[in-house]
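An overview of the molecular structure
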Amino acid sequence: MAKGYWVSVYPAISGSESLAAYDKLAGPAVQAGGGRVLSRIPSRGGRVVAHEAGIAQRVVLIEFDSFEQAVAAYESEAYQKALVALPDGFERDFRIIEGID
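Residues numbered from 1 in each chain as written. Predicted model: local features only at pLDDT ≥ 70, side-chain atom pairs only at ≥ 80, totals over all residues. Heavy atoms only, no water.

Another aspect to go through is the overall build of the protein chain. From N to C terminus, the protein chain includes three helices and four strands. When the helices and strands of the protein chain are listed from N to C terminus, the series reads β-α-β-β-α-α-β. Rg of the C-alpha trace for the protein chain: 13 Å, near the compact-globule value of 13 Å for 101 residues, within the 12% margin. Considering only C-alpha atoms, the protein chain reaches an extent of 35 × 30 × 20 Å along its principal axes. When the 101 residues of the protein chain are sorted by exposure, 32% land in the buried category. (Helix = DSSP H or I, 4+ residues; strand = E, 2+ residues; numbered from the N terminus. Rg over C-alpha atoms; globule rule 2.2 N^0.38 Å. Buried < 20%, exposed > 50% of the residue type's maximum accessible area, 1.4 Å probe, protein only.)

In structure tokens, the structure reads:
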């Protein structure tokens, strides 16, 4: 079965500390849904090189055992509560994608 992934890119952040309320709720919701954070840069010290129209702001990659599990985690009550905590004015490009076996 192909894995599922959440890919989030934040083109504009006016201070990562304002994401603290979202992160506090989103982390446990992702874990409860079976997600594993593979990368969260630059906040975890990881490196990024952006090319073409790439964004060097916050990028988050989360892996799930299946695409269906990734969708269910997003739709969960716990994650929906986290979304409400995203501060106004944040721009985010979020996708759920299916991996290749």
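Further notes follow.
Let us now look at the sheet that holds strand 3 (residues 59–64). Pairing is antiparallel in the open sheet, where four strands are placed in the order 2-3-1-4. Because the sheet does not close on itself, it has two edges, and the strands there are strand 2 (36–41) and strand 4 (91–98). Averaged over all neighbouring strand pairs, the angle between strand axes comes to 10°, with direction disregarded. For strand 1 (residues 4–12) and strand 3, the ladder comprises six bridges, and the chain directions are antiparallel. Bridge pairing links Trp6 to Ile62 in strand 3. Helix 2 (residues 67–75) contacts strand 1, strand 3 and strand 4 of the sheet and is inclined by roughly 145° relative to strand 4. (Pairing = 2+ DSSP bridges. Axes fitted to C-alpha atoms, helices over the stretch in contact; angles between N-to-C directions. Contact = heavy atoms within 4.5 Å.)

On to the packing of helix 2 against helix 3 (residues 77–84), then. Relative to each other, helix 2 and helix 3 sit at 55°, their axes nearing to 5 Å. When the axis of helix 2 is compared with that of helix 3, the two are oblique. Listed contacts from helix 3 to Ala73, Tyr74 and Glu75 of helix 2 are Glu77, Tyr79, Gln80 and Leu83. (Parallel < 35°, antiparallel > 145°, perpendicular 65-115°, else oblique.)

Here we take up the packing of helix 1 (residues 20–32) against helix 3. The geometry of helix 1 relative to helix 3 is characterised by a closest axis approach of 8 Å and an angle of 165° between their N-to-C directions. In this view, helix 1 runs roughly antiparallel relative to helix 3, as classed from their interaxial angle. As for how helix 1 packs across helix 3, the hand of that crossing is left-handed. On helix 3, the residues touching Tyr22, Leu25, Ala26 and Ala29 of helix 1 are Ala78, Tyr79, Lys81, Ala82 and Leu83. A per-class count over the contact of helix 1 with helix 3 returns eight nonpolar, no polar and one charged. (Left-handed = near helix turned anticlockwise from the far one by under 90°. Nonpolar A, V, L, I, M, F, W, Y, C, P; charged D, E, K, R; others polar.)

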